[in-house]
Amino acid sequence: MKTFIVGNWKLNFNVGEASIYLHKLQKKLPNYRDVEVVVAPSTIALQPLSLQIDRHKMKLAAQNAFYRDYGAFTGETSFSQLRGVVDYCIIGHSERRYIFGEDDKMVAKKMEAAVRNKITPILCIGETESERSFGETADVIRDQLLGGLRDVSEEDIDKVLIAYEPVWAISSGKNAKIASPDEVAEVVKLIRKTLEEIYGEKVAENMPVLFGGSVNPSNAGAYLTVPGVNGLLIGGASLILSEFADILEIAKRVRS
Ligand code: PGA
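Remember, it's a predicted structure, so these values are computed and weren't measured experimentally. (Residues numbered from 1 in each chain as written. Predicted model: local features only at pLDDT ≥ 70, side-chain atom pairs only at ≥ 80, totals over all residues. Heavy atoms only, no water.)

Draft legend 1. View of unusual backbone geometry. Phi is positive for Lys-10, which is not a glycine, with a value near 50°. Checked against the element boundaries, Lys-10 lands in the loop between strand 1 (3-8) and helix 1 (15-28). For Ser-214, which is not glycine, the phi torsion reads 60° and is therefore positive. In this structure, Ser-214 sits in the loop between strand 7 (209-212) and helix 10 (220-224). (Helix = DSSP H or I, 4+ residues; strand = E, 2+ residues; numbered from the N terminus.)

Draft legend 2. The side chain of Ser-238, seen in detail. Checked against the element boundaries, Ser-238 lands in the loop between strand 8 (231-234) and helix 11 (241-255). Ser-238 has contacts with Gly-7, Asn-8, Trp-9, Tyr-21 and Phe-244, leaving out every residue within four places of it along the chain. (Contact = heavy atoms within 4.5 Å.)

Draft legend 3. View of the environment of Ala-251. Residue placement: Ala-251 occurs in helix 11. Ignoring anything within four residues of it in the chain, the contact list for Ala-251 reads Thr-3, Ile-5, Val-35 and Leu-224.

Draft legend 4. View of the state of the cysteines. Going through the model one piece at a time under the given rule, you end up with 0 disulfides. In this structure Cys-89 is not part of a disulfide, and its nearest cysteine sulfur, from Cys-124, lies 9.5 Å away. (Disulfide = S-S within 2.5 Å.)

Draft legend 5. The arrangement of the environment of Gln-63 in detail. Position of Gln-63 among the secondary structure elements: in the loop between strand 3 (59-62) and helix 3 (79-82). Along the chain, Gln-63 and Ile-91 lie 28 residues apart, while their C-alpha atoms are 7.1 Å from each other. Ignoring sequence-local partners within four residues, the contact set of Gln-63 consists of Asn-8, Trp-9, Lys-10, Leu-11, Ala-40, Pro-41, Ser-42, Cys-89 and Ile-90. Polar side-chain contacts of Gln-63 include one of 3.3 Å to the backbone oxygen of Pro-41. (Polar contact = N/O pair within 3.5 Å; in protein donor to acceptor, adjacent residues only side chain to side chain.)

What follows is the structure, given as structure tokens:
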């Protein structure tokens, strides 16, 4: 399996800045065989960047999209509009869940729409600090996983990526903490166990599971060596080209 390194730019960079970043990154980037490099710019930058990107070197992700293909949905962009423009879409990010009120039902519809439009969904799941402190982590993970995957058929399940992002470890959060590799290992094990119960051993083993939450060049190596972790979803550090490039080098080294 490849190692997935995904940069989530969130609401940062205008189209010009995004294009310059992409240009510089592609110039720096060797052709990584085992590392899938993905960046997720704002929706407005996706179309121009899709014309600029060298798809042999890296891929584009959307940060969000709407599950209906067209209609009276002011302000939305659909997966069908993004078909052919992006390869991936982040779905169910905690900022979508907690700032924009997306629940598992909405997440499930988006997962289905992504797969239907040949866009690989990256399903984000993770507990909040208070859920963790009440001992609810396992239940939350299970609910978000089952809820989010509800409308993905068995034959499409191999087209999905999971990202475990504990909400308390995301750097934009108040008093963000750093998740220890042991804490990550424990939840990733739980994710695979839940997948095994629903889809069987093969799916559970083959599903790429990424980790995200305050990842930077000094902790990336430790997270990438956690058993069962196949990649990273990176916010803040992906905005700094040198840091993102360092993390890619680390990923390459861990693989070899
Ligand atoms: P962070 O963000 O790396 O800045 O913590 C990760 C994310 O929200 O995907």
